[in-house]
Amino acid sequence: MKICGPKLSLCGLIISVWGIVQLVLMGVFFYINSVALIEDLPLEEEYHTLEAFYTAANRAYNQNAYNCWIAACIYVLTLLLSAQQFYMNSRVTAN
Amino acid sequence: MGSLFRSEEMALCQLFLQSEAAYACVSELGELGLVQFRDLNPDVNAFQRKFVNEVRRCDEMERKLRYLEKEIKKDGIPMLDTGESPEAPQPREMIDLEATFEKLENELREVNQNAEALKRNFLELTELKHILRKTQVFFDEQEGGVNHTTESMTRALITDEARTAGASMGPVQLGYMDKSNEREDYLPCFVAGVILRERLPAFERMLWRACRGNVFLRQAMIETPLEDPTNGDQVHKSVFIIFFQGDQLKTRVKKICEGFRATLYPCPEAPADRREMAMGVMTRIEDLNTVLGQTQDHRHRVLVAAAKNLKNWFVKVRKIKAIYHTLNLFNLDVTQKCLIAECWVPLLDIETIQLALRRGTERSGSSVPPILNRMQTFENPPTYNRTNKFTKAFQALIDAYGVASYREMNPAPYTIITFPFLFAVMFGDLGHGALMALFGLWMIRKEKGLAAQKTDNEIWNIFFGGRYIIFLMGAFSMYTGLIYNDIFSKSLNIFGSHWRLSYNTSTVMENKLLQLNPNSTDYVGDPYPFGLDPIWQVATSNKIIFHNGYKMKISIIFGVIHMIFGVIMSWHNHTYFRNRLSLIYEFIPQLVFLVLLFFYLVLLMFIKWNRYAATNPMPYSESCAPSILITFIDMVLFNTPKTPPTGCEVYMFWGQSFIQTVFVLVALACIPVMLLGKPWKIMQARKLANEEVQPIAGATSDAEIGGNSNGGSHGGAGAGGHHDEEEMSEIFIHQGIHTIEYVLGSVSHTASYLRLWALSLAHAQLAEVLWTMVLSIGLKQEGWLGGVILTFVFAFWAVLTVGILVLMEGLSAFLHTLRLHWVEFQSKFYMGQGYAFLPFSFDAIIENGGASSSEAE
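Residues numbered from 1 in each chain as written. Chains lettered and ligands numbered in written order. Predicted model: local features only at pLDDT ≥ 70, side-chain atom pairs only at ≥ 80, totals over all residues.

Visitor: Please give an account of the overall build of chain B that cites residues and values.
Guide: When you go through chain B residue by residue, the secondary structure sums to 27 helices and 11 strands. The buried share of chain B, reckoned over its 857 residues, is 32%. Taking as baseline every contact in chain B between residues at least 6 positions apart, the subset at least 24 positions apart corresponds to 81%. (Helix = DSSP H or I, 4+ residues; strand = E, 2+ residues; numbered from the N terminus. Buried ≥ 20, exposed ≤ 12 C-beta atoms within 10 Å, placed from the backbone. Contact = placed C-beta atoms within 7 Å.)

Visitor: So what's going on with the overall build of chain A? Residues and values would help.
Guide: The number of helices and strands found in chain A is two helices and zero strands. Taken over C-alpha atoms, the radius of gyration comes to 19 Å for chain A, far larger than the 12 Å a tight globule of 95 residues would show. Along the longest, intermediate and shortest principal axes, the C-alpha atoms of chain A span 70 × 20 × 15 Å. Burial status across chain A gives 25% buried among its 95 residues. Across chain A, every contact between residues at least 6 apart in sequence was considered, and the portion connecting residues at least 24 apart equals 78%. (Rg over C-alpha atoms; globule rule 2.2 N^0.38 Å.)

Visitor: How would you sum up the packing of helix α1 (residues 6-31) of chain A against helix α25 (residues 786-825) of chain B? Please name residues and give values.
Guide: Two numbers describe how α1 of chain A lies on α25 of chain B: the axes approach to 11 Å, and their chain directions differ by 110°. Taken as axis vectors, α1 of chain A and α25 of chain B run roughly perpendicular relative to one another. Helix-helix and strand crossings are classified by hand; for α1 of chain A and α25 of chain B the assignment is right-handed. Contacts between α1 of chain A and α25 of chain B pair Ile 15, Trp 18, Gly 19 and Leu 23 of chain A from the former with Phe 794, Ala 795 and Ala 798 of chain B from the latter. (Axes fitted to C-alpha atoms, helices over the stretch in contact; angles between N-to-C directions. Parallel < 35°, antiparallel > 145°, perpendicular 65-115°, else oblique. Left-handed = near helix turned anticlockwise from the far one by under 90°.)

Visitor: Describe the nonpolar core, listing the residues and the values that go with them.
Guide: It is characteristic of soluble globular proteins that their nonpolar side chains tend to be buried jointly. Of all hydrophobic cores here, the largest spans 78 residues; its most connected members are Cys 68 and Ala 71 of chain A together with Phe 423, Met 473 and Phe 794 of chain B. At 12 residues, the largest contribution of residues to this core is made by α25 of chain B. Excluding residues within four positions of it along the chain, Cys 68 of chain A makes contact with Leu 23, Met 26, Gly 27 and Phe 30 of chain A together with Leu 790 of chain B. Val 35, Phe 51, Met 61 and Leu 68 of chain B belong to the second-largest nonpolar core, a separate cluster that totals 50 residues. (Core = buried A, V, L, I, M, F, W, Y, C linked by C-beta atoms within 7 Å.)

Visitor: With reference to specific residues and values, describe the UniProt feature "transmembrane region" (unreviewed entry) in chain B.
Guide: The UniProt record marks residues 416-444, 464-484, 554-572, 587-607, 658-677, 756-778 and 784-808 of chain B with the feature "transmembrane region" (unreviewed entry), using the residue numbering of this structure. With 90% helix and 0% strand, residues 416-444 of chain B has end C-alpha atoms that lie 16 Å from one another. (UniProt positions renumbered as here; feature names shortened; annotations may be inferred.)

Visitor: Any details on the UniProt feature "transmembrane region" (unreviewed entry) in chain A? Residues and values, ideally.
Guide: All names here are of chain A. UniProt's feature table lists "transmembrane region" (unreviewed entry) at residues 12-32 and 64-83, given in the numbering used throughout. This span, residues 12-32, is 95% helix and 0% strand, and a straight line between its end C-alpha atoms measures 30 Å. Annotated as 100% helix and 0% strand, the span residues 64-83 places its first and last C-alpha atoms 28 Å apart.

Visitor: Talk me through the confidence of the model for chain B; I want residue IDs and the actual numbers.
Guide: All names here are of chain B. Taken residue by residue, chain B gives an average pLDDT of 84. The fraction at 70 or more is 89%. Mean pLDDT values for the elements of chain B range from 41 in helix α27 (residues 851-856) up to 96 in helix α15 (residues 467-484). Within the model, the stretch residues 158-185 combines pLDDT values under 50 with 34 contacts to residues more than four positions away or in other chains. Of the two predicted TM-score estimates for the complex, the pTM is 0.80 and the ipTM is 0.95. (pLDDT = per-residue confidence, 0-100.)

Visitor: So, the interface of chain A and chain B: which residues are in play, and what are the values?
Guide: Facing 17 residues of chain A, the contacting portion of chain B comprises 20 residues. Counting only elements with at least two residues in the side of chain A that touches chain B, the list comes to α1 and α2 (50-94) of chain A. Along the lines of polarity and charge, the residues of the side of chain A that touches chain B split into 12 nonpolar, four polar and one charged. (Nonpolar A, V, L, I, M, F, W, Y, C, P; charged D, E, K, R; others polar.)

Visitor: Account for unusual backbone geometry, with residues named and values stated.
Guide: Residues and elements named next belong to chain A. Non-glycine residue Asn 33 carries a positive phi angle of around 55°. The topology assignment puts Asn 33 in the loop between α1 and α2. Judged by the 15 C-beta atoms lying within 10 Å of it, Asn 33 falls in the partly exposed class.

Visitor: Describe the packing of helix α18 (residues 580-611) of chain B against helix α19 (residues 628-637) of chain B, and please don't skip the residues or the numbers.
Guide: All names here are of chain B. Packing of α18 against α19 brings their axes to within 10 Å, and their N-to-C directions diverge by 140°. Considered as vectors, α18 and α19 are oriented oblique to each other. At the point where α18 passes α19, the crossing takes the right-handed sense. Taking contact as the criterion, the partners of Leu 601, Leu 604, Met 605 and Lys 608 in α18 are, on α19, Ile 628, Thr 631 and Phe 632. Of the residues that constitute the contact of α18 with α19, the class distribution is five nonpolar, one polar and one charged.

Visitor: Before we move on, could you go through the environment of Asp 399 of chain B and cite the residues and values that matter?
Guide: Residue and element names in this part refer to chain B. Summarising the element assignment, Asp 399 is placed in helix α10 (residues 391-401). With 18 C-beta atoms counted inside 10 Å, the residue Asp 399 sits in the partly exposed group. Along the sequence, Asp 399 and Ala 412 sit 13 residues apart, while their C-alpha atoms lie 9.1 Å from each other.

Visitor: Could you give an account of the pairing of strand β7 (residues 237-245) of chain B, with specific residues and numbers?
Guide: Consecutive side chains along a regular strand alternate between the two faces of the sheet. Residues and elements named next belong to chain B. Here β7 lies mainly inside the structure; eight of its nine residues are buried. Where strand β4 (residues 216-221) lies against β7, six bridges are found, and the strand directions are antiparallel. Each bridged residue has a counterpart across the sheet, and for Met 221 the counterpart in β7 is Ser 238. (Pairing = 2+ DSSP bridges.)

Visitor: Kindly report on helix α24 (residues 754-779) of chain B, identifying the contributing residues and their values.
Guide: Residues and elements named next belong to chain B. End to end, α24 covers 36 Å across 26 residues, agreeing with the expected 38 Å (1.5 Å per residue, within 8%). Where α24 bends most, at Thr 772, the angle is about 30°. All of the buried residues in α24 are Arg 755, Leu 756, Trp 757, Leu 759, Ser 760, His 763, Ala 764, Ala 767, Leu 775, Gly 778 and Leu 779. (Expected span 1.5 Å × (residues − 1). Bend = angle between axes of the 7 residues up to and from the residue.)

Visitor: Kindly report on the environment of Glu 362 of chain B, identifying the contributing residues and their values.
Guide: Along the chain, Glu 362 of chain B falls in helix α9 (residues 350-364). When the C-alpha positions of Glu 362 of chain B and Cys 25 of chain B are compared, they lie 9.3 Å apart, and in sequence the two are 337 residues distant.

Visitor: Go over α15 of chain B, please, and point to the residues and values.
Guide: Residue and element names in this part refer to chain B. In this model α15 runs 25 Å from its N-terminal to its C-terminal C-alpha over 18 residues, within 8% of the 26 Å that 1.5 Å per residue would give. Among the 18 residues that make up α15, 14 are buried, leaving the element largely enclosed by the rest of the structure. Trailing α15 by a residue or two, Asn 485 shows a phi angle of about 55°, which is positive.

Visitor: Talk me through the environment of Phe 314 of chain B; I want residue IDs and the actual numbers.
Guide: All names here are of chain B. Counting through the fold element by element, Phe 314 comes out in helix α8 (residues 271-327). Taking the C-beta count within 10 Å as the criterion, Phe 314 has 20 such neighbours and is therefore assigned buried. Placed 253 residues apart in sequence, Phe 314 and Met 61 show a C-alpha to C-alpha distance of 9.0 Å.

Listed below in structure tokens is the structure:
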């Protein structure tokens, strides 16, 4: 079954591979509470106690890590889809 | 010195070829592709040359081949391209080839003519078929109308008598009736035909006006498009039928139809006739279809057979044509026994060329060997840089500015390193660099396959041609990205930051902004081992300020080193061309000027970095560090510097003030030396030569002056000998222009290198903006749905990253790098006044699709 053309499937393939690599890595960095990514967390402007900030930040870090890995998993699906489409397209052109 | 640093040494040679052997020898040289022939009869018209006839025959053959190619492409038959290049056939084989092509062309033309006639026939029949079918509908409607509601309408047109008279044929009698039975006025006639659909509205209006509304037009579209037999286009047409009364109207209607190029077809009035005719038409269409199919089959067979050999034939014909074209450039000996050619030859390849000539002679069976004779010349030889697939792209960048003068220093080998490096300074990002390097690497790995599938896509060809440049630029960008500690605008903390946080909880809670003091336990004491400390990524309020100072300084440092390197290259040129005057009165003052002013500026930066630190005691603490820019401005303008804050010193080291004054004065003193030194020396030498007796002057001083006086073109030691000496005033003016250009240039060029700073800052900022404005949105989603949103946001961010940051920013950084090389670097030593060596080579001719050979016609 063919849905996308050769260019779109190639594009999907590249973005999927890129997405898997980068999002898995970013997930790891979120998971180990990387300071460089603190600005990308859904946090409030101010917290009144240190403990409140730490719990919120830890929760956000973990949540973001899981979100990154979820996105990476979705990209595995798109990778499979694009690869299948790419294979179909290359077989059509070969004939 | 290797051939990469300077162009090849060339020699002008005379070549004597025996008439019989000339063809074979030239063919061998064409396969070799190392010889550039000169036109020995430039004033002879192209039609008066010796081998005009042969060239013309080749042209004719090429035309036939192109016709065949067009037909093959039209049918979508794949052409076999083995990529091999058959040898140029013997002249006698030309007749065979001609005969083959002639036969093929005639056959094809005949088939095409037949097919066209058949198609025209087919079109007519199909139109007729449609007319019969559509008009049937009209007639049926009419009959139905009479029987039912619109009887009154019919009555208005046709009287009772008419109806009763023609009762046998139904209530309405159309078409020509037996005239004797009828009154002429009431005779309703009709014509039927087809017309192009777009012409129909105008046609209808015209009919209405010309016949004053006395005609009745019905039309119906033919749904399927019909094929125009002459050009094979698909056209839409409509069937029409016009009812009218009387002969006058009939002629008028026919004229209008003719005017609108409508085709009229006879349409019998009786339904039975119509049915019969339709049957006949159908059977004829069937027959025609089989005949057409057979014709197409035959045509296809002919074309498939031709497609197998077409590329091969093209190569052969182009080779023959190129050989005869080259032979036309030769001089004919008086005895008509031999042809004389002049050609530029790389000295290193003379052996190979002689071997090829011997091969050619053997092949032609001639007994007299060809003679290759080196000639003396005062002309500038062409510039020939041997390249491989790696250096080719870099050489192309240099040649795009100007082909090097003969034996001039070639900047290409240095460009291989400096070009990707300066690019990377502007494009420093590990992530973007990796994308670019991967793209380049992919093209390099798939080189053979990609090169084989030739496309006309210009952008792709540019990328593919520069695949090694792209890969190197990407790899160098990854390196500078690591130094800047920048990957998609984030930092990597590989070795652990060398800054510590020593504030307690309450301080952190209460203050909005906090500083880390390098003069305390906040700083470990030694810097981060590689590149920028990742702590700067979190320092949102002074990150840009820090990057600013750092990037501005390194861009000036790189720029000054690059320019000094360029000036040193001019030293190699002067020594190679034995240009002592330029060496002493141009190179030395130029270098001194640049070093004393701008390299000193670079030194000041290093001294400042080295001497001042936050941990140092007062005169060398961080608060006392002077601004280098202000120091430099004060130095050049001889200003007394402003008094520093208490406890600090004005100067960085002892005697700085004195040294600076001396430097500026010496640098300024260099300007008149550059301006006047060389012209004045030349003037003196000329005077001396005039005073002395003529014969002695020729040997030593004249040669030197001759070599030196052409300051504008260091075109070569051999070349300068015998042309007229420039006037003194011109020499002075040239030197003045050069000096002003250099002095002002070194100021503006130094400033120009600041583009490295500006672009790298802009690139880093743009990457950060893209991250915070796009990817952050995906990351900041709360809850589990965030993962799904992140997927889409990431894809969007990825597309923007490639489109804006890698493609557009990469292009802009590329162009700025190109400018830095062409203007700032090459202006220091590069003349670029040569002309390229264009050898006679079959490969080049065939690759250009014969364009070059036909252009030369």
